[in-house]
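Chain and residue survey
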Amino acid sequence: MVSIIDGARIDLDREQIAADGTRWLWTCDISESGQPLMARTDQPGQPGETLPLDYLTRWHGPVTPEPRPVTAAACRRVLEAVS
């Protein structure tokens, strides 16, 4: 699922990292106000807080998706495109 906050598209199928370094994952639920509910994932062994996405970005800063490793197939596609 993709959500849009302040004009930014957010891919909720990936873990998100907020500007303050906290990590969040979509719970697959929606709040009463229609916002995706995000659960904090960087507190192992503790119940994480759950916030609507708009509150999360307001209190923890903008979010960016967890980087994915580059695959060999992606490298080949790039090299083929420039040759």
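Details of the structure are given in the entry above.
Presented here is an overview of the structure given in this document. (Residues numbered from 1 in each chain as written. Predicted model: local features only at pLDDT ≥ 70, side-chain atom pairs only at ≥ 80, totals over all residues. Heavy atoms only, no water.)

1. Remarks on the overall build of the chain
Looking only at helices and strands, the chain features two helices and seven strands. In the chain, the succession of α and β elements from N to C terminus is β-β-β-β-β-β-α-β-α. In terms of C-alpha radius of gyration, the chain reaches 16 Å, well past the compact-globule figure of 12 Å for 83 residues. Based on the C-alpha atoms only, the size of the chain along its principal axes is roughly 50 × 30 × 20 Å. Taking all 83 residues of the chain together, the buried fraction comes to 30%. (Helix = DSSP H or I, 4+ residues; strand = E, 2+ residues; numbered from the N terminus. Rg over C-alpha atoms; globule rule 2.2 N^0.38 Å. Buried < 20%, exposed > 50% of the residue type's maximum accessible area, 1.4 Å probe, protein only.)

2. Let's talk about the environment of Ile-10
Position of Ile-10 among the secondary structure elements: in strand S2 (residues 8–11). Of the residues examined, Ile-10 reaches a relative accessible area of 5% and is grouped as buried. Each C-alpha atom of the pair Ile-10 and Leu-53 lies 9.8 Å from the other, and the pair is 43 residues apart in sequence. In contact with Ile-10, other than residues within four places in its own chain, are Met-1, Val-2, Ser-3, Ile-5, Gln-16, Leu-53 and Val-63. (Contact = heavy atoms within 4.5 Å.)

3. Considerations on the packing of aromatic side chains
Taken as a whole and judged by the stated rule, the model has zero aromatic pairs. If you follow Arg-58 out to its NZ or CZ, it ends over the ring of Tyr-55, 5.1 Å from the centre. (Phe/Tyr/Trp six-rings, centres within 6.5 Å; stacked < 30°, edge-to-face > 60°. Lys NZ or Arg CZ within 6 Å of the ring centre and 35° of its normal.)

4. Re the pairing of S2
Two faces make up the sheet, and in a regular strand the side chains alternate between them. Pairing between strand S1 (residues 2–5) and S2: four bridges, direction antiparallel. Paired with Ser-3 across the bridge in S2 is Ile-10. In textbook terms, the turn of a hairpin is the stretch between consecutive antiparallel strands, and for S1 and S2 this stretch comprises two residues, one of which, Asp-6, has a positive phi near 50 degrees. (Pairing = 2+ DSSP bridges.)

5. Describing unusual backbone geometry
One non-glycine residue, Cys-28, lies in positive phi territory at about 70 degrees. According to the relative accessible area criterion, Cys-28 is exposed, its value standing at 57%.

6. Some points on the side chain of Thr-22
Assignment of secondary structure puts Thr-22 in the loop between strand S3 (16–18) and strand S4 (23–30). What makes Thr-22 buried here is its relative accessible area of 5%. Within polar-contact distance, the side chain of Thr-22 engages the side chain of Trp-24 at 2.7 Å. Those residues within four positions of Thr-22 in sequence are excluded, and the remaining contacts are Gln-16, Ile-17, Arg-40, Asp-42 and His-60. (Polar contact = N/O pair within 3.5 Å; in protein donor to acceptor, adjacent residues only side chain to side chain.)

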